[in-house]
Amino acid sequence: MMTSLHEDDWDKMVDVNCKGLLNGIGAVLGGMVERKKGHIVNISSDSGLKGFIGVSVYCGTKFFVEGVTESMRQEVAKHNVKVTTIQPGFVALDGPERAQKDPEAFALCSPPADLEVLQPENIAQAVLYAVSQPSFVAVNQMLVQPTGQPL
Ligand SMILES: NC(=O)C1=CN([C@@H]2O[C@H](COP(=O)(O)OP(=O)(O)OC[C@H]3O[C@@H](n4cnc5c(N)ncnc54)[C@H](OP(=O)(O)O)[C@@H]3O)[C@@H](O)[C@H]2O)C=CC1
Ligand SMILES: N[C@@H](C=O)C(=O)O
């Protein structure tokens, strides 16, 4: 929760989710533009489209992913470089662990026990679909959520 002021967590989330994204893009974009060919897939979240209680800073970092991706897509399209965001909902990994230090937030952002959550391979398949389209087809965004938990 914002009121818990876990400043160390804020730093880590901003470093990994925002600066990590920029560092990753920075490492490959120049070469793609030079070759006039490439595809960057950024892993966002449904938390990049809507704020969720208990994970404010995480949501903020995912809105950052969405903003950067949407802007750069328009910048690099003329170089034949595609940029996709995948927006997963709950995946059977340790997503809610990010709020574990904060029991109130952890309870609020954990999936309901009876929800059939996504498996990592469901997201891998989305990435594969996006990158296997012909060059004139751009899958710019994919929101992939458990059927039982739509936005
Ligand atoms: N799990 C979920 O329900 C959802 C996840 N997402 C997004 O999917 C992505 C992956 O999430 P998930 O697999 O759950 O996350 P995990 O925390 O399980 O994995 C995160 C990955 O990031 C790496 N990492 C963390 N910090 C650093 C760092 N400082 N430098 C380099 N690598 C680092 C970790 O490496 P290492 O193993 O070496 O620590 C790990 O491979 C994230 O962007 C997340 O926001 C989106 C929606 C839902
Ligand atoms: N979408 C969130 C979990 O469902 C996340 O990004 O972890």
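Residues numbered from 1 in each chain as written. Chains lettered and ligands numbered in written order. Predicted model: local features only at pLDDT ≥ 70, side-chain atom pairs only at ≥ 80, totals over all residues. Heavy atoms only, no water.

As a further point, take the overall build of the protein chain. Counting its secondary structure elements, the protein chain contains four helices and three strands. Listing each helix as α and each strand as β along the protein chain from the N terminus yields α-β-α-β-α-α-β. In terms of overall dimensions, the protein chain has C-alpha extents of about 50 × 35 × 20 Å along its principal axes. Restricting the contact set of the protein chain to residue pairs at least 6 apart, pairs at least 24 apart contribute 68%. Within the structure as shown, the protein chain displays about 8800 Å² of accessible surface, and the carbon and sulfur contribution to it stands at 58%. (Helix = DSSP H or I, 4+ residues; strand = E, 2+ residues; numbered from the N terminus. Contact = heavy atoms within 4.5 Å. Areas by Shrake-Rupley, 256 points an atom, 1.4 Å probe, with all protein chains shown as cover.)

The next thing to look at is the environment of Asn140. Along the chain, Asn140 turns up in the loop between helix H4 (120–131) and strand S3 (141–144). Sequence separation between Asn140 and Ile86 is 54 residues; the distance between their C-alpha atoms is 8.4 Å.

Our focus in this paragraph is the packing of aromatic side chains. Enumeration according to the criterion identifies zero aromatic pairs in this entry. Sitting over the face of the ring of Phe52, Lys50 holds its NZ or CZ atom 4.6 Å from the ring centroid. (Phe/Tyr/Trp six-rings, centres within 6.5 Å; stacked < 30°, edge-to-face > 60°. Lys NZ or Arg CZ within 6 Å of the ring centre and 35° of its normal.)

What follows is about the pairing of S3. What you see with S3 is a clean split: Met142 and Val144 sit on the buried side and Gln141 and Leu143 on the side with no burial. In the sheet, strand S2 (residues 81–88) pairs with S3 via four bridges, with the strands oriented parallel. Looking at the pairing, Gln87 lines up with Leu143 of S3. (Buried < 20%, exposed > 50% of the residue type's maximum accessible area, 1.4 Å probe, protein only. Pairing = 2+ DSSP bridges.)

Below, the discussion takes up the pairing of strand S1 (residues 38–43). The alternating pattern of S1 places Gly38, Ile40 and Asn42 on a buried face, while none of His39, Val41 and Ile43, on the opposite face, is buried. With six bridges joining them, S1 and S2 adopt parallel strand pairing. Bridge assignment links Gly38 to a residue of S2, and that residue is Val81. The parallel pair S1 and S2, bridged by helix H2 (residues 56–76), forms a crossover whose chirality is right-handed. (Right-handed = clockwise from strand over helix to strand, strands pointing away.)

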